[in-house]
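This is what each chain is made of:
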Amino acid sequence: MSESAKNNFMVKPETEKAIDELLNRYPIKEAALLPALHKVQDDFGWLPVEAMDWVADRLELPHARVYGVTSFYTMFRREKLGRHRLEICTNLSCSLMGAEHLREYLCNKLNIKPGQTTADGRITLLEAECLGSCGTAPVMLVDDEFFENLDPDKVDQILKDLEAKDNG
Ligand code: FES
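The rules we used
- Residues numbered from 1 in each chain as written.
- Predicted model: local features only at pLDDT ≥ 70, side-chain atom pairs only at ≥ 80, totals over all residues.
- Heavy atoms only, no water.
- Pairing = 2+ DSSP bridges.
- Helix = DSSP H or I, 4+ residues; strand = E, 2+ residues; numbered from the N terminus.
- Axes fitted to C-alpha atoms, helices over the stretch in contact; angles between N-to-C directions.
- Domains from an automatic or database assignment.
- Parallel < 35°, antiparallel > 145°, perpendicular 65-115°, else oblique.
- Left-handed = near helix turned anticlockwise from the far one by under 90°.
- Contact = heavy atoms within 4.5 Å.
- Nonpolar A, V, L, I, M, F, W, Y, C, P; charged D, E, K, R; others polar.

**Remarks on the sheet that holds strand β6 (residues 145-147)**
The 4 strands lie next to each other as β4-β3-β5-β6, forming an open sheet whose pairing is mixed. Edge positions in the sheet fall to β4 (123-128) and β6, since each has one partner strand and no second. Across the sheet, the mean angle separating the axes of adjacent strands is 20 degrees when strand polarity is ignored. The pairing of strand β3 (residues 84-89) with β4 spans 6 bridges and is parallel.

Below is the structure:
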């Protein structure tokens, strides 16, 4: 692990090396900001403030600039997620095919709102922009697995499978 000069946050050595390579590739350090944030997020699953500060220091950018970018782009996670991530698409095609009803169904089953994590830390529910499969709407990403043509029964099965996975 390597240590930032300005805080004690650590990234994996290979992540630091990859960011150094990015910095060599771009004449302006800020051009490496988005890929650098992705790499650090991949290490931790989210971006705690210390991680954003580390990236800012490494790229010699104001911390506020990095906070602004991570709050603007929804692909950056500024809060720790549950063990499992449900990302339900609520864009137009999915909405027309019942995604909002499914979102409410999930909220009631999990007793959380979109953006929240269940009290046991198991599941985070997120809303996603178009996931590129409008023809099989409504769709949802469960961790990195894709589920299509969803209905409440399929959602129930997904939740059961996650439970079995966690207990197995
Ligand atoms: S609108 Fe949901 S996949 Fe395109």
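**What to know about the domain arrangement of the chain**
According to the domain assignment, the chain contains domain 1 (2-72) and domain 2 (84-167). For domain 1 versus domain 2, the separation of C-alpha centres amounts to 30 Å.

**A few points about the packing of helix α3 (residues 49-58) against helix α4 (residues 63-72)**
For the pair α3 and α4, the least separation of the axes is 9 Å and the interaxial angle reads 125 degrees. Classified by the interaxial angle, the pair formed by α3 and α4 is oblique. Along this stretch, α3 crosses α4, giving a crossing that reads as right-handed. Seen from α3, the contacting residues are V49, M52, D53, A56 and D57; seen from α4, they are H63, V66, Y67 and T70. By residue class, the composition of the contact of α3 with α4 is 5 nonpolar, 2 polar and 2 charged.

**What to know about unusual backbone geometry**
A cis geometry characterises the amide bond from A137 onward to P138, with omega recorded as -5 degrees. Structurally, P138 is set in the loop between β4 and β5 (140-142). Located in the positive-phi region is E60, a residue other than glycine, with phi close to 55 degrees. The topology assignment puts E60 in the loop between α3 and α4.

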